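# Observations on chain architecture
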Amino acid sequence: MKIPLSNPDITELEKEKILEVLNTPNLSLGPKLDEFERKFAAYISSKYAIAVNSGTSGLHLCMRALGIKDGDLVLTTPFSFISSANCILFERATPVFVDIDEKTLNIDIDKLEDKIKQLKTQNSRLKAILPVHIFGRPCEINRIMELADYYKLSFIEDAAEATGAEYLTGSEKNTKKWKKVGTFGDCGVFAFYPNKQMTTGEGGMIVTDDENIYKLCRSMRNQGRSEDGAWLQHERLGYNYRISDINCALGIAQLERIDEILAKREKVARLYNERLRVFEELIIPEFEEGKKISWFVYVVRLIDKYSRRNRDLILAKLKEAGIGCSNYFTPIHLQPFYRKMFGYKKGDFPVTEKVSERTIALPFYNNLKEEQIDYVCEKLIKIIQSI
């Protein structure tokens, strides 16, 4: 049996909508873009949405729109895809890492507060917090918002893996409400790569309620073009971060069934949890009260007695059995050029390193069948218990 790690769910109707755009005479970019932005903003409950060609581009534009520049510091997590830190380097600012919570794998909120206090005491140029909703699991948003407000820091949400995730906000029973991630900070960024919950092939989306951020990001994604979009008129430094109408047509179609997509993914996650919960060798991703996870990947962890070498052997044997799998993530601070730039070494962020050495991402996508899940779980446990 061959089971890939991920498998995009694109229907025949969605393919037809792409072909419809491709076959439009005198195609000009724009109509599908506007529609996609409008519908995504409505879905997220954000005032503005700006579609771009990737989540990485979206994060970079947020850095520029918030005025992050050379010498500034931005707090973020070392346990993430590398773009959440690279976007800070793009503006010659410095990512300052804070270790993660071992249970949630999100940025450790207590360590975050301690780091803010330390940097403020040093009169540093600390400007922003950029947490990541890792694997679609919301961060401790209320406390991050409190810290950002108290210390007057910008708050950028990396929601690239979290389309549709929700957080229960409010302190009193009658004020509590569910709100989608990406809408709590000054701005949020989503991504639509093929392994994400919904895809546009390639693409991303910035959301914000701030009109100035909206206007700046719209301009900068299109070579710094002026607000009226006049041809060859450029008001500021910009980039070619545009997304095509073809990508947007797919995004619109996927958005129409996003609730169905998220429900399918949650069902797969629950089936995995039911089968793997009984095995003491594994730590499974549990549901949390007050958070609605948007399941991006399904990642289990080996308990402490297993080493990275054990994990890598398990991955190799799973692949031999036709099961797509991977580790998630290599710590950003241990990537070669981060070591070279900042002098990071093993042991700097021990929780991130401990978790990273023991992660196993199992096949996970909308239409994964129950018998395939059974096969994966049986092989996984058999392999672990043979070590």
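Report on the accompanying structure. (Residues numbered from 1 in each chain as written. Predicted model: local features only at pLDDT ≥ 70, side-chain atom pairs only at ≥ 80, totals over all residues. Heavy atoms only, no water.)

## Let's talk about the sheet that holds strand 12 (residues 298–302)
A sheet is described by the order of its strands in space; here three strands give the open sequence 10-12-13, paired in antiparallel fashion. Single-partner strands in this sheet number two, and they are strand 10 (282–283) and strand 13 (359–362). In the sheet, strand 10 pairs with strand 12 via two bridges, with the strands oriented antiparallel. Within the sheet, the bridge partner assigned to I283 lies in strand 12 and is R301. The strands that helix 10 (residues 308–320) touches are strand 12 and strand 13; relative to strand 13, the one it contacts most, it runs at about 20 degrees. (Pairing = 2+ DSSP bridges. Helix = DSSP H or I, 4+ residues; strand = E, 2+ residues; numbered from the N terminus. Contact = heavy atoms within 4.5 Å. Axes fitted to C-alpha atoms, helices over the stretch in contact; angles between N-to-C directions.)

## Description of the side chain of T359
With respect to the secondary-structure elements, T359 resides in strand 13. A relative accessible area of 0% places T359 in the buried class. A polar side-chain atom of T359 sits 3.0 Å from the main-chain carbonyl oxygen of Y328. Among all residues touching T359, those that are not within four sequence positions of it are F79, V299, V300, R301, R311, S326, N327, Y328 and F329. (Buried < 20%, exposed > 50% of the residue type's maximum accessible area, 1.4 Å probe, protein only. Polar contact = N/O pair within 3.5 Å; in protein donor to acceptor, adjacent residues only side chain to side chain.)

## Description of the packing of helix 9 (residues 258–276) against helix 13 (residues 370–386)
In contact at an axis separation of 10 Å, helix 9 and helix 13 are set at 35 degrees when each is read in the N-to-C sense. Crossing of helix 9 over helix 13 shows right-handed handedness. In this structure, helix 9 contributes V268, L271, Y272, R275 and L276 to the contact, and helix 13 contributes E370, I373, D374, V376, C377, L380 and I381. The residue inventory of the contact of helix 9 with helix 13, partitioned by class, reads nine nonpolar, no polar and three charged. (Left-handed = near helix turned anticlockwise from the far one by under 90°. Nonpolar A, V, L, I, M, F, W, Y, C, P; charged D, E, K, R; others polar.)

## Re helix 13
Along its 17 residues, helix 13 runs 24 Å from first to last C-alpha, staying within 8% of the 24 Å computed at 1.5 Å per residue. Within helix 13, burial applies to Q372, I373, Y375, V376, C377, L380, I381, I383 and I384. The inward-facing, buried residues of helix 13 abut helix 9, strand 10, strand 12, helix 10 and strand 13. (Expected span 1.5 Å × (residues − 1).)

## Here we look at the nonpolar core
Counting 44 residues, the largest nonpolar core has F36, F40, L112, I116 and M205 as the members making the most contacts within it. With six residues, the single largest contributor to this core is helix 2 (residues 31–44). Within the second largest apolar cluster, 40 residues are counted, among which are C87, A93, I156 and V297. (Core = buried A, V, L, I, M, F, W, Y, C linked by side-chain atoms within 4.5 Å.)

## Here we look at the environment of S226
Inspection of the secondary structure puts S226 in the loop between helix 7 (211–220) and helix 8 (245–256). Judged by relative accessible area, S226 falls into the buried class, the value being 11%. Sequence separation between S226 and L216 is ten residues, and the spatial gap between their C-alpha atoms is 9.6 Å. Those residues within four positions of S226 in sequence are excluded, and the remaining contacts are Q233 and E235.

## Some words on the pairing of strand 3 (residues 94–97)
Taken together, the four bridges between strand 2 (residues 73–76) and strand 3 define a ladder with parallel strand orientation. When the sheet's bridge partners are listed, T76 is paired in strand 3 with F97. Chirality of the crossover, the property in question, places the unit of strand 2, helix 4 (residues 83–89) and strand 3 among those that are right-handed. (Right-handed = clockwise from strand over helix to strand, strands pointing away.)

## A closer look at helix 3 (residues 55–65)
The α-helix winds at 3.6 residues per turn, so residues separated by three or four positions along the chain end up facing the same way. A large share of helix 3 lies buried, amounting to nine of its eleven residues. Three or more residues of helix 3 are buried, namely G55, S57, G58, L59, H60, L61, C62, M63 and A65. Just downstream of helix 3 lies G67, where phi reads positive at about 75 degrees.

## Some thoughts on the packing of helix 3 against helix 7
Relative placement of two packed helices is described by the angle separating their axes and the distance separating the axes. Interhelical geometry of helix 3 versus helix 7 gives an angle of 125 degrees and a closest axis separation of 9 Å. In terms of orientation, helix 3 lies oblique with respect to helix 7. The handedness of the crossing between helix 3 and helix 7 comes out as right-handed. Across the interface between the two elements, L61, C62, R64 and A65 from helix 3 touch I213, L216, C217 and M220 from helix 7. Across the contact of helix 3 with helix 7, the residue classes tally to seven nonpolar, no polar and one charged. (Parallel < 35°, antiparallel > 145°, perpendicular 65-115°, else oblique.)

## Comments concerning the sheet that holds strand 7 (residues 177–180)
As a general point, the strands of a sheet are linked pairwise by backbone hydrogen bonds and lie either parallel or antiparallel. Ordered by their spatial adjacency, three strands build an open sheet running 7-6-11, and the pairing between neighbours is antiparallel. With one partner strand each, in any of the chains shown, strand 7 and strand 11 (291–292) form the two edges of the open sheet.

## Brief notes about the packing of aromatic side chains
Throughout the structure, instances matching the rule amount to 26 aromatic pairs. For the ring pair F79 and F135, a centre distance of 6.0 Å and an interplane angle of 75 degrees mean the geometry is edge-to-face. Here the residue F79 occupies a position in the loop between strand 2 and helix 4, and F135 occupies one in the loop between strand 4 (126–130) and helix 6 (141–150), the gap between them amounting to 56 residues. On the basis of relative accessibility, which here comes to 0%, the residue F79 falls in the buried class. Here F135 falls in the buried class, since its relative accessible area comes to 9%. Plain terms: the ring middles of F296 and Y328 are 6.3 Å apart, the flat faces sit at 85 degrees to each other, and that makes the pair edge-to-face. Of this pair, F296 sits in the loop between strand 11 and strand 12 while Y328 sits in the loop between helix 10 and helix 11 (336–342), placing them 32 residues apart in sequence. Just as F296 is buried, Y328 falls in that class too. Of the aromatic side chains, those joined through ring pairs into one cluster are F97, F337, Y338, F342, Y344 and F349. Across the ring face of F184, the terminal group of K179 is positioned such that the distance to the ring centre comes to 4.8 Å. Positioned above the aromatic ring of W178, the side-chain terminus of K292 is 4.5 Å from the ring centre. (Phe/Tyr/Trp six-rings, centres within 6.5 Å; stacked < 30°, edge-to-face > 60°. Lys NZ or Arg CZ within 6 Å of the ring centre and 35° of its normal.)

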